[in-house]
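The chain contents come next:
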Amino acid sequence: MASASLGGGSAENFAGLAGTNMLTTTSQYLVVGLNPASTTADFTFSVLDTTTTHAYALGINQTFLSSGAAAQCNVRMLGISKAIAGGTITAGSPLVPSGSGRVIVLAAGLTATAVSTTTHIQTIGWALEDAATTGAELLIFVNPQLVVKTYAA
């Protein structure tokens, strides 16, 4: 892919603590959230996966981490970021978090319209380029939103 200038736009990052499932070299560019059961004000993020409870996806981890002691991480909450694809993605597609912290295309037949997990879904952003395979890096516009699920007839 040719290198391109992204212009002088801004991005919003938030610094917090990396949770235990982020302390791996594979957590960079995965979707993260905050644990809603936390009673501390330490802002501990964790990768959205099938074993961790989250209130909402909040952004994309920007920090390369490794195993070991607790570390600080930076989370892109708005703006352009790399992300890791959970499957084939076409530029312009709305994206949702997968069960592994990767981004996937909003399911066919399911459309997002503005605001219990049975009636709402959360988008994490929009694909700015294609991804041909699972695990591929791609650029996305991060803009997490909670939306009402509606099914196309």
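Residues numbered from 1 in each chain as written. Predicted model: local features only at pLDDT ≥ 70, side-chain atom pairs only at ≥ 80, totals over all residues. Heavy atoms only, no water.

## What to know about the packing of aromatic side chains
Part 1 of the argument: Per the stated rule, a full pass over the model turns up one aromatic pair.
Part 2 of the argument: A centroid spacing of 6.1 Å and a plane angle of 70 degrees characterise the contact between Phe14 and Phe45, whose relative ring orientation is edge-to-face. Here Phe45 lies in strand β3 (residues 44-47) and Phe14 lies in strand β1 (residues 12-18), a separation of 31 residues in the sequence. (Phe/Tyr/Trp six-rings, centres within 6.5 Å; stacked < 30°, edge-to-face > 60°. Helix = DSSP H or I, 4+ residues; strand = E, 2+ residues; numbered from the N terminus.)

## Side note on the confidence of the model for the protein chain
Part 1 of the argument: Looking at the protein chain, the pLDDT average stands at 80 and 71% of residues meet or exceed 70.
Part 2 of the argument: Mean pLDDT per element in the protein chain: strand β8 (residues 110-114) is the minimum at 57, and strand β5 (residues 72-84) is the maximum at 95.
Part 3 of the argument: Below pLDDT 50 for its whole length, residues 1-5 participates in one contact with residues either more than four positions away or in separate chains. (pLDDT = per-residue confidence, 0-100. Contact = heavy atoms within 4.5 Å.)

## Side note on the pairing of β5
Part 1 of the argument: Relative to β5, β1 runs antiparallel, the two sharing six bridges. Among the inter-strand pairings, Asn13 is bridged to a residue of β5, identified as Arg76.
Part 2 of the argument: Pairing of strand β4 (residues 57-61) with β5 involves two bridges; the strand directions are antiparallel. Across the sheet, residue Ile60 finds its bridge partner in β5, namely Arg76. (Pairing = 2+ DSSP bridges.)

## Observations concerning the side chain of Glu129
Part 1 of the argument: Relative to the elements of secondary structure, Glu129 occurs in the loop between β9 (120-127) and β10 (137-151).
Part 2 of the argument: Among buried Asp, Glu, Lys and Arg side chains, Glu129 stands out as unpaired, with Lys82 the closest opposite charge at 8.2 Å.
Part 3 of the argument: A polar contact of 2.8 Å, which involves the side chain of Glu129, links it to the backbone nitrogen of Leu139. (Buried < 20%, exposed > 50% of the residue type's maximum accessible area, 1.4 Å probe, protein only. Lys, Arg positive; Asp, Glu negative; His and termini not counted. Salt bridge = Lys/Arg side-chain N within 4 Å of Asp/Glu carboxyl O. Polar contact = N/O pair within 3.5 Å; in protein donor to acceptor, adjacent residues only side chain to side chain.)

## Side note on unusual backbone geometry
Part 1 of the argument: The phi torsion at Tyr29 lies on the positive side, around 70 degrees, for a residue other than glycine.
Part 2 of the argument: With respect to the helices and strands, the residue Tyr29 is situated in the loop between β1 and β2 (31-34).

## Some points on the pairing of strand β6 (residues 94-97)
Part 1 of the argument: Sheet analysis places β6 next to strand β7 (residues 103-105), joined by three bridges and oriented antiparallel. Paired with Val96 across the bridge in β7 is Ile104.
Part 2 of the argument: What sits between β6 and β7 in their antiparallel hairpin is a turn of five residues, with Gly101 showing a positive phi close to 85 degrees.

## Some words on the nonpolar core
Part 1 of the argument: The biggest cluster of nonpolar side chains holds 28 residues, and the ones touching the most others in it are Met22, Ile60, Ile89, Val103, Leu138 and Ile140.
Part 2 of the argument: Of all the elements in the fold, those that place two or more residues in this core are β2, β3, β4, β5, β9 and β10.
Part 3 of the argument: Among the elements that make up this core, the one with the highest residue count is β5 (four residues). (Core = buried A, V, L, I, M, F, W, Y, C linked by side-chain atoms within 4.5 Å.)

## A look at the pattern of salt bridges
Part 1 of the argument: Applying the stated rule across the entire model yields one salt bridge.
Part 2 of the argument: Ionic pairing is found between Lys82 and Glu137, a salt bridge with its closest N-O pair at 3.5 Å.
Part 3 of the argument: Assessed through its relative accessible area of 35%, Lys82 is described here as partly exposed.

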